[in-house]
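# Analysis of the macromolecular model
Residue strings, one per chain:
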Amino acid sequence: MWFIMRNEQFKCIFCHSQVLPHPDWSARNHCPKCLYSKHLDKNFPWDRLSTCESLMKPVWIDYKKNKDYMIKHRCLKCGKEILNKVASDDDFLDFVKKLNKSL
Ligand SMILES: [Zn+2]
Ligand SMILES: [Zn+2]
C-alpha cells in the first residue's frame, strides 16, 4: 500500500474559507469550519485515485477505541463513505450540536 501524507493549504469548496495547513502537521483533508470534504480517495485515505471529486458531507461521528474521534463523510454524488480523523482545530463541537438537533 502506497500513500502520501499531504499537508496543504486549500480553499473550502463548501463554505469558501481559506484552510490553513494542519496545526499538528498532519494530513488535512476536510475544512475545519464546516467539516465538508472532497471525494479524492478511492480505496485508502490519501490514495487520491478517485475521479469523483464531489463534495463529501459530514454525516456522523464515530469513536474508535485507542484512536480519536472520527468524522464519517458521505459523498453527495456516489454515496461513498470514508472515515476521517478529527483535527485539533476542527469546529467539532459545533458539528456535534448540529447532529444532536437533527436527531
Ligand atoms: Zn468549509
Ligand atoms: Zn464520490
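First, a word on what this report is: a plain description of the structure on this page. (Residues numbered from 1 in each chain as written. Chains lettered and ligands numbered in written order. Predicted model: local features only at pLDDT ≥ 70, side-chain atom pairs only at ≥ 80, totals over all residues. Heavy atoms only, no water.)

### Some words on the overall build of the protein chain
When its secondary structure is counted, the protein chain shows 1 helix and 6 strands. Listing the helices and strands of the protein chain from first to last along the sequence gives β-β-β-β-β-β-α. The proportion of buried residues among the 103 residues of the protein chain is 37%. Contacts spanning at least 24 positions in sequence make up 31% of the contacts within the protein chain whose residues lie at least 6 apart. A total of about 7,000 Å² of accessible surface is found on the protein chain, and carbon and sulfur atoms cover 54% of it. (Helix = DSSP H or I, 4+ residues; strand = E, 2+ residues; numbered from the N terminus. Buried < 20%, exposed > 50% of the residue type's maximum accessible area, 1.4 Å probe, protein only. Contact = heavy atoms within 4.5 Å. Areas by Shrake-Rupley, 256 points an atom, 1.4 Å probe, with all protein chains shown as cover.)

### A few points about the coordination of the zinc ion (ligand 2)
Each pair of donors in an ideal octahedron of six around a metal sits at 90 or 180 degrees, and each pair in an ideal tetrahedron of four sits at 109.5 degrees. For the zinc ion (ligand 2), the full set of protein donor atoms is His39 (ND1), Cys52 (SG), Cys75 (SG) and Cys78 (SG), at a range of 2.0 to 2.4 Å. Angles of 105 to 120° at the metal separate the 4 donor atoms of the zinc ion (ligand 2), which places the site in the tetrahedral class. Each donor residue of the zinc ion (ligand 2) lies on the same chain, and together they follow the pattern H-x12-C-x22-C-x2-C. A residue pair is termed long-range when its members are at least 10 positions apart, and His39 in the loop between β3 (37-38) and β4 (55-63) and Cys75 in strand β5 (residues 69-75) qualify at 36 residues. Overall, the relative accessible area of 3% leaves Cys75 in the buried class. (Donors = N, O, S within 2.8 Å, 3.2 Å for Na, K, Ca; no water. Tetrahedral: all angles 85-135°; square planar, octahedral: opposite > 155°, others 65-115°.)

### Let's talk about helix α1 (residues 92-102)
Along α1, the residues that are buried comprise Phe92, Phe95 and Leu99. End-on view of α1: buried residues confined to an arc of 60°, all on one side of the axis. In α1, the exposed positions angled more than 90 degrees off the buried face are occupied by Leu93, Lys97, Lys98 and Lys101. Against the buried residues of α1 lie β4 and β5. (Arc of directions from axis to C-beta.)

### Looking at the coordination of the zinc ion (ligand 1)
For the zinc ion (ligand 1), the full set of protein donor atoms is Cys12 (SG), Cys15 (SG), Cys31 (SG) and Cys34 (SG), and the range of their distances to it is 2.2 to 2.3 Å. Donor residues for the zinc ion (ligand 1) sit on one chain with the sequence pattern C-x2-C-x15-C-x2-C. You can see Cys15 sitting in the loop between β1 (10-11) and β2 (18-19) and its partner Cys34 sitting in the loop between β2 and β3, a full 19 residues away along the chain.

### What about the pairing of β4?
With 2 bridges joining them, β3 and β4 adopt antiparallel strand pairing. Bridge pairing in β4 links Ser37 to Met56. Pairing of β4 with β5, which is carried by 7 bridges, proceeds in the antiparallel orientation. Paired with Tyr63 across the bridge in β5 is Tyr69. Linking β4 to β5, which pair antiparallel, is a turn of 5 residues; within it Asn66 sits at a positive phi near 65°. (Pairing = 2+ DSSP bridges.)

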